[in-house]
Structure formats: C-alpha cells, structure tokens
Amino acid sequence: MRIVLEENINNKLLELFHQLQAEHGNLRWWPADTPFEVALGAILTQATAWRNVEKALDNLKAADAFSPQQIHAIPQDTLEELLRPSGYFRVKTKKVRAFVSHIVERPFDVMFEQDVTELREELLSIYGVGPETADSIILYAAEKPSFVVDTYTYRLFSRLGWVEGNFHYERLRALFMDNLPHDVVLFNEYHALIVRHGARVCKKTPVCEACCLQSMCEYYEYRVN
C-alpha cells in the first residue's frame, strides 16, 4: 500500500475529521462499562457483527463470569457455549482464554503503566491479539493514544484517493500517528466516525448521493463524470 496524500497531510486529515463530525456528531465510543469489557469486545468482534458480540457478552454476564479470574476458571466447553453467538466460537474461546490467562498474571493496572510502544508490544505477544485488537485495547481501555485502523479506514481512504494498493495495517496507522497530535479524544472520535461513515454511507456499495465528502472524493468525482 502506498500513501498518495503528500501535501498538507495534517490539515487534510483534520478537515476530514471535522466533515465527518459535522455529519455524524460526537459518538463517544467504545460501548462498554469497564476496560476489561472493552478488551473482551475487541477480541470477540473479530470477523463478526457487534450485535453478535453483545449476545456473547450478555451470556458471560448472566453466567456471572465477567472478570479475568472468573473466565479463567470456566471449563472449556462451558466457555465455548457462552461465546457461541460471537461466531468462530472455538477459536475465540482459545483467544479469550489466552488473554485472560495473561491478565490474571499481568493485571491491567500493571500493563497500563507502560507507554504505548511497550504496551502494544506486550498485547501483540498474546495469542489472538492482532494489531487492530491491540490498538483498540490501548485506545479504548487504557485510554492511551494509539490510532485504530480497519477495513472501513482503508476503503474510505482508497475512495478519497489518499492511498492505493493492497491494505497494509501499519502503513495506514502510521498516516495518522505521524501526522496528528497524539490525543486520545481525537483518536477515539476519529476512528468511531470512520466506522460509522463506512457502515452507513461508504459501504461496499457506496451511497455516494448521501455522502458529506463528495467535494474531496476522487471516487465520487469519477462516478459523476
């Protein structure tokens, strides 16, 4: 993947943010009550819709199994059944078990004392935690500035004409990390706005006629001309 955007990158990124914010408002993500719930959600949302994650989280709450210690003590088959709604439940059970085993030994209050680079490296060392999951935990649970990118980000930026080539997580993340102030609130809202816009407007089949970004979008210009 190549970054095509070369001039005034900071200004253009902030302009995009303000356009999305004007359209969708303040979203105040992540939908969770505790840092541990954020982390569980970040793992369970891999390759599934959030509504399915909510069902699995509700199952854990109903079973009174909503702490690392409680989940760690659950038999494998029981945990699999509780996580079934999240899809790929056997694999996700292994990921959740690996994560809670780590947290039992290294609680969040210990892990979160580290800077972003160290914390990210530790999270990525845990089975089942990839870059997007790690950055989600850092941003939304630890409340530290690590930008989260995903397929919504890539699709939007490809259509804007700001990136080209195959999706590359670290290069796309670096576009934000290198050109925006490292502010938790900004990163939080920006990622949430991109996801909201991607889910409602810049979908696989885009609703360009309803898009607030027409004036800056190469894809829209190509379509109308």
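Structure's up top.
What counts as what
Counting from 1, residues in each chain are numbered in the order their sequence is written. The predicted nature of this model means local features are confined to residues of pLDDT at least 70 and side-chain atom pairs, given and counted, to a pLDDT of 80 or more, with totals for whole chains, interfaces and linings taken over all residues. Computation of side-chain values covers all heavy atoms of the structure but excludes hydrogens and water. Only protein atoms enter the 1 Å grid used here. Points where a 1.4 Å probe fits but cannot escape make up a cavity, open sets with protein on both sides within 12 Å along at least five of seven lines make up a pocket, and a residue lines them when an atom lies within 4 Å of a point. Grid points are joined across faces, edges and corners, and a volume is the space filled by probe spheres set on the points. Where helices and strands are cited, they refer to DSSP runs of H or I of at least four residues and of E of at least two residues respectively, numbered from the N terminus. Any residue that is not Ala, Val, Leu, Ile, Met, Phe, Trp, Tyr, Cys, Pro, Asp, Glu, Lys or Arg is counted as polar, Gly included; the first ten are nonpolar and the last four charged. A carboxyl oxygen of Asp or Glu within 4 Å of a side-chain nitrogen of Lys or Arg is what we treat as a salt bridge. Exposure is judged per residue with a 1.4 Å probe applied to protein chains only, and the accessible area is read against the type maximum: over 50% gives exposed, under 20% gives buried, and values in between give partly exposed.

Visitor: Please clarify how the layout of surface pockets should be interpreted in this entry.
Guide: Empty pockets left among the atoms are what a rolling probe the size of a water molecule brings to light. Looking at the largest pocket, its volume works out to about 860 Å³. Along its surface, the largest pocket is lined by 25 residues, and T45, T48, E132, Y152 and V195 are the ones closest to its centre. Elements with a minimum of two residues in the lining of the largest pocket: α3 (50-62), α9 (131-141), α10 (151-160) and α12 (184-200). Examining the composition of the lining of the largest pocket, we find that four residues originate from one element, α12, more than from any other. Partitioned by chemical class, the residues of the lining of the largest pocket number 10 nonpolar, nine polar and six charged.

Visitor: Hey, could you run me through the pattern of salt bridges in this one?
Guide: Per the counting criterion, the structure on display carries nine salt bridges. The closest approach of N and O atoms between E164 and R2, which form a salt bridge, is 2.7 Å. Here E164 is found in strand β2 (residues 163-164), whereas its partner R2 is found in strand β1 (residues 2-3), with 162 residues between them in sequence. Looking at R2, the relative accessible area reads 44%, which means it is partly exposed. Among the salt bridges present, the one from D135 reaches R173, with a minimum N-O distance of 3.3 Å. Remark: R173 occurs in helix α11 (residues 169-177) and D135 occurs in helix α9; sequence separation between them is 38 residues. D135 sits in the buried class, given a relative accessible area of 0%. What makes R173 buried here is its relative accessible area of 11%. Overlapping salt bridges, with partners in common, bring together R120, D135, E170 and R173 in one network.

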